[in-house]
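Here's the letter readout for the chains.
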Amino acid sequence: MFGIFKKKQEDVFEQLDTNNLPVHIGIIMDGNGRWAKKRGLPRSAGHTMGAKVLEQITRDAGHLGIKYLTVYAFSTENWSRPAEEVKALMKLMVEYLDDYRRLIGDEDICVRIIGSKEGLSEEILEKIKIVEDATKNNSAITLNIALNYGGRDEIVKSVKKIAEGVKDGSISVDEIDEKMISDNLYTNYMPDPDFIIRPSGEQRLSNFLLWQSAYSEFWYSDINWPDFTKKDLIRAIVDYQKRNRRFGGV
Ligand code: IPE
Ligand code: IPE
Ligand code: MG
C-alpha cells in the first residue's frame, strides 16, 4: 500500500517542469478557522497550524526554485473579527517574527513584511525590523508576508505619494504612468505574481494584490490551508504549467 502511495507522489513530482516555474507565487492562506472547527478546536489552533504549514511550504518553495512567495496573513478587513481572535493572531505574529531562526531555520530565505503599519503594536513593528534586518542578505527565496495588507489601501497610498510629488512640483501629471504607480506600491522590489493559489474553497481575491494580479493565473482548491502540503504545491504548479498566458496577445 505504501508502495502505491509513493509511486503516486513521484508521479506529481515527475510532471513538474523545473525550467518553467512561476517566478512569483502568491498564496491566500485561507481556511484555518474551518480546519479547526472540523476538529472541535478553537479557531486560534487553526491559525497556529497554518503558521507551521507556512514554514514548511516556504522551505519547499525555496528548494523548488521559486524566487518570490507572497502570503496573505492578515488583511486590513480582518480587524473586524472578534477582538479575541485578532489578539490571538497578533500574538502568533509576534511569536513567529520574534524568532526568525525558527521561521526560516538555516535556510537562505529573505523575509519581508508588506502592508500598512497603522494599527500594529510597537512590539510587532520592532519584530518586523529585526526579522527583515537579520535576513536581508539571504537570496534563494524572498518570503513576503502580507500583514495588515489591503490591495485598495495600497493603491490609495501609492496615489497619495504621487499626488504629494505633483503638489510640490517634483512630478508633472503627464509623467504619471503604470510604472510610477507600481513603483509606489509595497511590492516595488518584486515582479508581479505569475500564479495565485487560494485554498479553502473560496474563489475570490479578498483584496489581495489587486493591481499586481492583472495577469496572474489563479488556482483554487478545497483543501484548508493547515492541510496544504508540498504535493499540493507541486500539483498546483503542474496545472500552472499547462496554462497559456497570452497577456492580451494571441
Ligand atoms: C485564514 O483563515 C487566516 C486569516 C484570515 C487570518 P480564516 O481564519 O479566514 O479561516 P476560515 O476562512 O474562517 O476557515
Ligand atoms: C483573506 O481571507 C485574508 C487572509 C487569508 C489573510 P478572509 O477569510 O479574510 O477572506 P474572506 O472574508 O473569506 O473574503
Ligand atoms: Mg477565511
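Our subject is the structure that appears above.
Residues numbered from 1 in each chain as written. Chains lettered and ligands numbered in written order. Predicted model: local features only at pLDDT ≥ 70, side-chain atom pairs only at ≥ 80, totals over all residues. Heavy atoms only, no water.

1. Observations concerning the site of ligand 2
Around ligand 2, the neighbouring residues are Ile28, Met29, Asp30, Tyr72, Ala73, Phe74, Asn78, Arg81, Arg198, Arg204 and Ser206. Here an oxygen atom of ligand 2 sits 3.2 Å away from a polar atom, N or O, in the side chain of Asp30. Between an oxygen atom of ligand 2 and a side-chain N or O atom of Arg81, the distance comes to 3.2 Å. In a pocket analysis with a 2 Å cut-off to the grid points, ligand 2 is assigned to the largest pocket. Residue composition of the shell around ligand 2, by class: five nonpolar, two polar and four charged. (Near = heavy atom within 4 Å. Polar contact = N/O pair within 3.5 Å; in protein donor to acceptor, adjacent residues only side chain to side chain. 1 Å grid on protein atoms, 1.4 Å probe; cavity = no way out; pocket = protein on both sides within 12 Å on 5 of 7 lines; lining within 4 Å. Sits in = over half its atoms within 2 Å of the grid points. Nonpolar A, V, L, I, M, F, W, Y, C, P; charged D, E, K, R; others polar.)

2. Concerning unusual backbone geometry
Positive phi, normally seen in glycine, also occurs at Ser200, with a value near 90 degrees. The residue Ser200 is located in the loop between β5 (195-198) and β6 (217-220) in this model. Classification of Ser200 as buried rests on a relative accessible area of 8%. The phi torsion at Ser206 lies on the positive side, around 50 degrees, for a residue other than glycine. Accessibility expressed as a relative area gives 31% for Ser206, which makes it partly exposed. (Helix = DSSP H or I, 4+ residues; strand = E, 2+ residues; numbered from the N terminus. Buried < 20%, exposed > 50% of the residue type's maximum accessible area, 1.4 Å probe, protein only.)

3. Notes on the environment of Asn78
By the secondary structure assignment, Asn78 is in the loop between β2 (68-75) and α4 (83-98). Residue Asn78 is classed as buried on the basis of its relative accessible area of 17%. Between the C-alpha atoms of Asn78 and Ala36, which are 42 residues apart in sequence, the distance is 18 Å.

4. Description of the layout of surface pockets
In this structure, the largest pocket occupies an estimated 690 Å³ of space. Lining the largest pocket are 32 residues, with Met29, Asn32, Tyr72, Ala73 and Asn78 positioned closest to its centre. (Points joined across faces, edges and corners; volume = space filled by probe spheres on them.)

5. Focus: the sheet that holds β2
Through backbone hydrogen bonds, the strands of a sheet pair up, either in parallel or in antiparallel fashion. If you trace the six strands from one edge of the open sheet to the other, you get β3-β4-β2-β1-β5-β6, paired in parallel fashion. Since the sheet does not close on itself, it has two edges, and those belong to β3 (109-114) and β6, each with one partner. Sheet twist, expressed as the mean angle between neighbouring strand axes with direction ignored, is 20 degrees. Where β3 and strand β4 (residues 141-149) come together, six bridges link them in parallel fashion. Note that in β4 the partner of Arg112 across the bridge is Asn144. (Pairing = 2+ DSSP bridges. Axes fitted to C-alpha atoms, helices over the stretch in contact; angles between N-to-C directions.)

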